[in-house]
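Below, each chain spelled out in residue letters.
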Amino acid sequence: MGFCCFDYYCIRFVLAIFLPPLAVCMTVGCGMTVVLNVLLTLLGFIPGIIHAMWIVCKANNESKDKNEDAMEQAEENAKRYDDARNEKLEAAQQEAAKQEAAQHQMNAIEVEATPVV
């Protein structure tokens, strides 16, 4: 990701400071977490901010973990695909070598069987 200030994480983090319930709603959707954040914000603005920042940071870490897991899975799938393709290629090369050897042997038999005049 770079240092882009227009990244969704950055926007949610700034919103967590100025409008904590909106940041929580953008992060986890409308639910009990947003209601809790509204109550914390009404009881004191600072607890609402702390809760919103915690939710935003937690969601960001979870999404990074999911992205890393997805990348690892994609790499494993690519490796399996390459291995399977290489096995098929080797099998095809071995089959071609067998056919070439058989053809060479047939040619040798035909040469031996040809009567010399």
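For the structure given in this document, a descriptive report is provided here. (Residues numbered from 1 in each chain as written. Predicted model: local features only at pLDDT ≥ 70, side-chain atom pairs only at ≥ 80, totals over all residues. Heavy atoms only, no water.)

## Remarks on the overall build of the protein chain
Phase 1 of the analysis: Each helix and strand counted, the protein chain has 4 helices and 0 strands in total.
Phase 2 of the analysis: Counting across all 117 residues of the protein chain, residues that qualify as buried make up 17%.
Phase 3 of the analysis: Partitioning the contacts of the protein chain with sequence separation of at least 6, the portion at a separation of at least 24 is 45%.
Phase 4 of the analysis: Taken as a whole, the protein chain presents about 9400 Å² of accessible surface, with 65% of it coming from carbon and sulfur. (Helix = DSSP H or I, 4+ residues; strand = E, 2+ residues; numbered from the N terminus. Buried < 20%, exposed > 50% of the residue type's maximum accessible area, 1.4 Å probe, protein only. Contact = heavy atoms within 4.5 Å. Areas by Shrake-Rupley, 256 points an atom, 1.4 Å probe, with all protein chains shown as cover.)

## Some words on the side chain of threonine 41
Phase 1 of the analysis: Along the chain, threonine 41 falls in helix α3 (residues 32–43).
Phase 2 of the analysis: Its relative accessible area of 16% is what places threonine 41 among the buried residues.
Phase 3 of the analysis: Polar contacts involving the side chain of threonine 41 include one to the main-chain carbonyl oxygen of asparagine 37, which spans 2.7 Å.
Phase 4 of the analysis: Excluding residues that lie within four positions of it along the chain, threonine 41 makes contacts with Pro20, Pro21 and Gly48. (Polar contact = N/O pair within 3.5 Å; in protein donor to acceptor, adjacent residues only side chain to side chain.)

## What about helix α1 (residues 8–18)?
Phase 1 of the analysis: By the burial criterion, the buried members of α1 are Arg12, Leu15 and Ala16. End-on view of α1: buried residues confined to an arc of 110°, all on one side of the axis. (Arc of directions from axis to C-beta.)

## Describing the packing of α1 against helix α2 (residues 20–28)
Phase 1 of the analysis: The contact between α1 and α2 brings their axes to 6 Å, and the two run at 145°. Only Pro20, Leu22, Ala23, Met26 and Thr27 of α2 make contact with α1, whose side of the interface consists of Ile11, Arg12, Leu15, Ala16, Ile17 and Phe18.
Phase 2 of the analysis: Class assignment of the residues belonging to the contact of α1 with α2 gives a composition of 9 nonpolar, 1 polar and 1 charged. (Axes fitted to C-alpha atoms, helices over the stretch in contact; angles between N-to-C directions. Nonpolar A, V, L, I, M, F, W, Y, C, P; charged D, E, K, R; others polar.)

## A closer look at the pattern of salt bridges
Close approach of charged atoms lets side chains of opposite charge pair.
Phase 1 of the analysis: Tallied over the full model, the rule gives 3 salt bridges.
Phase 2 of the analysis: Where arginine 85 meets aspartate 82, a salt bridge forms, and the shortest distance between an N and an O atom there is 3.5 Å. On the criterion of helical spacing, the pair formed by arginine 85 and aspartate 82 is a turn pair, its members being 3 residues apart in helix α4 (residues 45–113).
Phase 3 of the analysis: Of the residues examined, arginine 85 reaches a relative accessible area of 45% and is grouped as partly exposed.
Phase 4 of the analysis: Taking relative accessible area as the criterion, aspartate 82 reaches 31% and is therefore assigned partly exposed. (Salt bridge = Lys/Arg side-chain N within 4 Å of Asp/Glu carboxyl O.)

## Structural notes on the state of the cysteines
Phase 1 of the analysis: Using the criterion set out here, one finds 0 disulfides in the structure.
Phase 2 of the analysis: With no disulfide of its own, cysteine 25 lies 3.2 Å from the sulfur of cysteine 30, the closest cysteine sulfur.
Phase 3 of the analysis: Taking the relative accessible area as the measure of exposure, cysteine 25 reaches 24% and is therefore partly exposed. (Disulfide = S-S within 2.5 Å.)

## Things to note about the nonpolar core
Phase 1 of the analysis: Counting residues in hydrophobic clusters, the biggest one holds 8 residues: Leu15, Ala16, Ala23, Val24, Val34, Ala52, Ile55 and Val56.
Phase 2 of the analysis: For this core, the secondary-structure elements that each account for two or more residues are α1, α2 and α4.
Phase 3 of the analysis: The dominant element in this core, judged by the number of residues it contributes, is α4, at 3 residues.
Phase 4 of the analysis: Once residues within four sequence positions are removed from consideration, isoleucine 55 is found in contact with Val24, Thr27, Val28 and Thr33. (Core = buried A, V, L, I, M, F, W, Y, C linked by side-chain atoms within 4.5 Å.)

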